[in-house]
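Chain and residue survey
So the chains spell out like this:
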Amino acid sequence: MVHCEPLSCMWQLRKNCGCINDTRPLSAVRCLKGIDVMSAADLVFEAGEFSRFKNARSFAAWIGLTPSEHSSGESVRQGGITKAGNKHLRRVLVESAWHYPGCSPHSKDLAKGQAPDPGARRHAAKGVRRLVGRRGAVLERGVHKNKANVATARELACWCWAIGCMVENG
């Protein structure tokens, strides 16, 4: 495993990857707690353009974080996640979601040299507050911590999509 400072990693990504001309999505997605340089790079590189997904639900489905459904007539039954998507991003987001049980609902401090879009930063702060609150509410209902973490990862994916689209569309 290679360890490097965030600015050094960003420089290496720009230098070695011809596909990254715009680092704004990387910087914006990093405003969410649990996501830093490498996980943001994974999200941006794997997703390509966030705007290619119709909505946040379709992005979460692409990753495989949506619940399976066994419905018939008027009965609706949801099961575990489908896991029918990008396994790597699913792991990255589930790992990132483990940052939310003990974190404060305040926005994440910016890293040295990070200059995200102000609108995206405000949206990320709103997302952090919601994720912390929802995580607590799900745990209070008695849901197992692993299941709550996957639910948080799904919602985190949706926030990443929203912030990525916001930056792409200017």
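Check the entry above for the structure.
Not measured: the values here are computed from a predicted model. Along each chain, numbering runs from 1 in the same order as the chain's sequence is written. Totals for whole chains, interfaces and linings use all residues, but because this is a predicted model, local features are given only for residues with pLDDT of at least 70 and pairs of side-chain atoms are given and counted only at 80 or more. Values shown for side chains rest on all heavy atoms present in the structure; no hydrogens or waters enter the calculation.

1. Things to note about the packing of helix α5 (residues 87-97) against helix α7 (residues 145-168)
Angular values range over 0 to 180 degrees, each being the angle between N-to-C directions of two axes fitted as lines to C-alpha atoms, with helices fitted over their stretch in contact. The helix count covers DSSP runs of H or I at least four residues long, the strand count covers runs of E at least two residues long, and both are numbered beginning at the N terminus. Relative to each other, α5 and α7 sit at 110°, their axes nearing to 8 Å. Comparing their axes, α7 and α5 come out roughly perpendicular. Residues L93, V94, S96 and A97 of α5 lie in contact with α7, whose contacting residues are N149, V150, T152, A153, L156, A157 and C160. Under this grouping Gly is polar, as are all residues other than the nonpolar Ala, Val, Leu, Ile, Met, Phe, Trp, Tyr, Cys and Pro and the charged Asp, Glu, Lys and Arg. Considering only residue class, the contact of α5 with α7 consists of 8 nonpolar, 3 polar and no charged. Small angles under 35 degrees read as roughly parallel and large ones over 145 as roughly antiparallel, with 65 to 115 read as roughly perpendicular and the rest as oblique. Contacts are assigned to residue pairs with any non-hydrogen atoms lying within 4.5 Å of each other.

2. Let's talk about the environment of C158
One can find C158 in helix α7. We classify C158 as buried; its relative accessible area is 14%. Ignoring anything within four residues of it in the chain, the contact list for C158 reads A56 and A60. Residue exposure (1.4 Å probe, protein chains only): buried if accessible area is under 20% of the type maximum, exposed if over 50%, otherwise partly exposed.

3. Digging into α5
If you check which residues of α5 are buried, you get L89, R90, V92, L93, S96 and A97. One side of α5 carries all its buried residues, which in axial view fall inside an arc of 165°. For α5, the secondary structure elements touched by its buried residues are α3 (37-47), α4 (56-63), β2 (78-81), α6 (118-140) and α7. Throughout this description, a polar contact denotes any pair of N or O atoms lying within 3.5 Å of each other; where both atoms belong to protein, one of them has to be capable of donating a hydrogen while the other can accept it, and for residues adjacent in sequence the pair is counted only when both atoms sit in side chains. If you check the start of α5, you find a side-chain oxygen 3.2 Å away from the backbone N of H88, and it comes from N86. Think of the arc as the fan of directions from the helix axis to the C-beta atoms.

4. A look at the pattern of salt bridges
Pairing is possible between side chains that carry opposite charge, provided their charged atoms lie close to one another. We define a salt bridge as a contact between a side-chain nitrogen of Lys or Arg and a carboxyl oxygen of Asp or Glu at a distance within 4 Å. In the structure shown here, the tally under the stated rule is 3 salt bridges. In this structure, E155 engages R130 in a salt bridge whose closest nitrogen and oxygen atoms are separated by 2.4 Å. You can see E155 sitting in helix α7 and its partner R130 sitting in helix α6, a full 25 residues away along the chain. Overall, E155 belongs to the buried group, its relative accessible area being 12%.

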